[in-house]
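One letter stands for each residue in the lines below.
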Amino acid sequence: KNGFLVRKVHADSDGKRTPRGKRGWKTFYAILKGLILYLQKGEYRPEKQLSDEDLKNAVSIHHSLAMKASDYSKRPNVFYLRTADWRVYLFQAPNDEQMQSWITRINTV
Ligand code: I3P
């Protein structure tokens with residue numbers, strides 16, 4: 001599954017709150033391949049290679065949990081992703097259908 005997602009990093013590994021200055025929303029083209037969610041920066045082109053920075057932004061979704069961010073009301077269509085090492089991301093999908101689809105795909109790999 002692929003598509004645009006806007007990401008906010010809420011907690012780093014071990015659940016430590018991500019410091020101010022690193023909590024802003026950023027748009028990526030997300031590519032879910034196996035157990036890795038790749039987050040590609042910049043303009044989307046199908047043949048584009050993942051950069052070193054893209055690889056650093058990749059998220060392992062092994063033993064992770066995605067759920068609708070019902071308590072987050074500043075933006076619509078936002079879901080949480082909590083990883084096995086207790087990172088927490090917020091992702092905003094373009095619409096409700098896409099949000100549901102990402103949640104299902106992430107939770108059923
Ligand atoms: C963050 C940025 C986020 C905001 C976050 C800020 O600043 O303004 O949009 O989250 O607030 O810390 P920075 O880009 O300097 O990291 P919201 O959009 O959810 O308000 P937070 O620290 O309360 O999460």
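Not measured: the values here are computed from a predicted model. Numbering of residues begins from 1 in every chain and follows the order in which that chain's sequence is written. Only residues with pLDDT of at least 70 are given local features in this predicted model, and only at 80 or more are side-chain atom pairs given and counted; all residues enter the totals for whole chains, interfaces and linings. The basis for every side-chain value is the complete set of non-hydrogen atoms in the structure, without hydrogens or water.

(A) Quick look at the sheet that holds strand S3 (residues 36–40). Overall, antiparallel pairing links the 7 strands, which are arranged S4-S3-S2-S1-S7-S6-S5 in an open sheet. Strands at the two margins of the open sheet, each flanked by one partner only, are strand S4 (59–60) and strand S5 (65–68). Relative to S3, strand S2 (residues 26–33) runs antiparallel, the two being bridged by 5 bridges. Across the sheet, residue Tyr29 finds its bridge partner in S3, namely Gln40. Whether two strands pair depends on DSSP finding at least two bridges between them. Secondary structure elements are taken from DSSP: a helix is a run of H or I of four residues or more, a strand is a run of E of two residues or more, and numbering for both begins at the N terminus.

(B) Here's a closer look at the site of the ligand. Surrounding the ligand, one finds Lys8, Arg17, Arg20, Gly21, Lys22, Arg23, Gly24, Trp25, Tyr72 and Lys74. Here an oxygen atom of the ligand and a backbone polar atom of Gly24 are 3.3 Å apart. Near is defined per residue: the residue qualifies when any heavy atom it owns lies within 4 Å of the molecule or strand. Within 3.5 Å is the distance limit for a polar contact, defined as a pair of N or O atoms, with the added protein rule that one can donate a hydrogen and the other accept it, and that residues adjacent in sequence qualify only through two side-chain atoms.

(C) Quick peek at the packing of aromatic side chains. When the centres of two rings from Phe, Tyr and Trp lie within 6.5 Å, Trp using its six-membered ring, the rings pair. Their planes under 30 degrees apart give stacked, over 60 give edge-to-face, and anything left gives tilted. Under the counting rule described, the total for this entry stands at 5 aromatic pairs. An aromatic cluster of at least three residues, connected via ring pairs, comprises Phe4, Tyr29 and Tyr44. Throughout this description, the term charge over a ring refers to an Arg CZ or Lys NZ atom that lies within 6 Å of the ring centre and within 35 degrees of the ring normal. Positioned above the aromatic ring of Trp102 is the side chain of Lys1, whose terminal nitrogen or guanidinium carbon lies 4.9 Å from the ring centre. Positioned above the aromatic ring of Trp86 is the side chain of Arg82, whose terminal nitrogen or guanidinium carbon lies 4.3 Å from the ring centre.

(D) A look at helix H2 (residues 96–107). Here, expected helix span is obtained from the residue count minus one, scaled by 1.5 Å. For H2, with 12 residues, the first-to-last C-alpha span of 17 Å sits near the 16 Å given by 1.5 Å per residue. Remark: exposure states derive from per-residue accessible area (1.4 Å probe, protein chains only) relative to the maximum for the residue type, with buried under 20%, exposed over 50%, and partly exposed in between. Those residues of H2 that sit buried are Met99, Trp102, Ile103 and Ile106. Within H2, the buried residues cover an arc of 100° as seen down the axis, which keeps them to one side. Should any heavy atoms of two residues lie within 4.5 Å, those residues are considered in contact. Elements in contact with the buried residues of H2: strand S1 (2–11), S2, S3, S5 and strand S6 (78–82). Structurally, the start of H2 carries an N-cap: the backbone nitrogen of Glu97 is 3.2 Å from a side-chain oxygen of Asn95. What the arc measures is the spread of directions leading from the helix axis to the C-beta atoms.

(E) Main features of the nonpolar core. Buried Ala, Val, Leu, Ile, Met, Phe, Trp, Tyr and Cys residues that are joined via side-chain atoms within 4.5 Å together make up what is termed a nonpolar core. Counting residues in each nonpolar core, the largest one holds 19 residues, and the members touching the most others are Leu37, Phe79, Leu81, Phe91, Trp102 and Ile106. Those elements giving two or more residues to this core turn out to be S1, S2, S3, S6, strand S7 (88–92) and H2. Beyond its immediate stretch of four places on either side in the chain, Ile106 contacts Leu32, Ile61, Ser64, Ala66, Phe79 and Leu81. Counting residues in each nonpolar core, the second largest holds 7 residues, with Ala11, Ala69, Tyr72 and Leu90 among its members.

(F) Highlighting the side chain of Thr83. Note that Thr83 resides in the loop between S6 and S7. Beyond its immediate stretch of four places on either side in the chain, Thr83 contacts Val59, Ser60, His63, Ser64 and Tyr89.

(G) The arrangement of the pattern of salt bridges in detail. Any carboxyl oxygen of Asp or Glu within 4 Å of a side-chain nitrogen of Lys or Arg constitutes a salt bridge here. Inspection of every chain in the model, using the stated rule, returns 3 salt bridges. Notably, a salt bridge pairs Glu47 with Arg45, separated by 3.7 Å at the nearest N-O pair. Glu47 sits in the exposed class, given a relative accessible area of 52%. Taking the relative accessible area as the measure of exposure, Arg45 reaches 41% and is therefore partly exposed. For Asp85, the salt bridge goes to Arg87, with nearest N and O atoms at 3.0 Å. The exposure class assigned to Arg87 is partly exposed, which follows from its relative accessible area of 29%.

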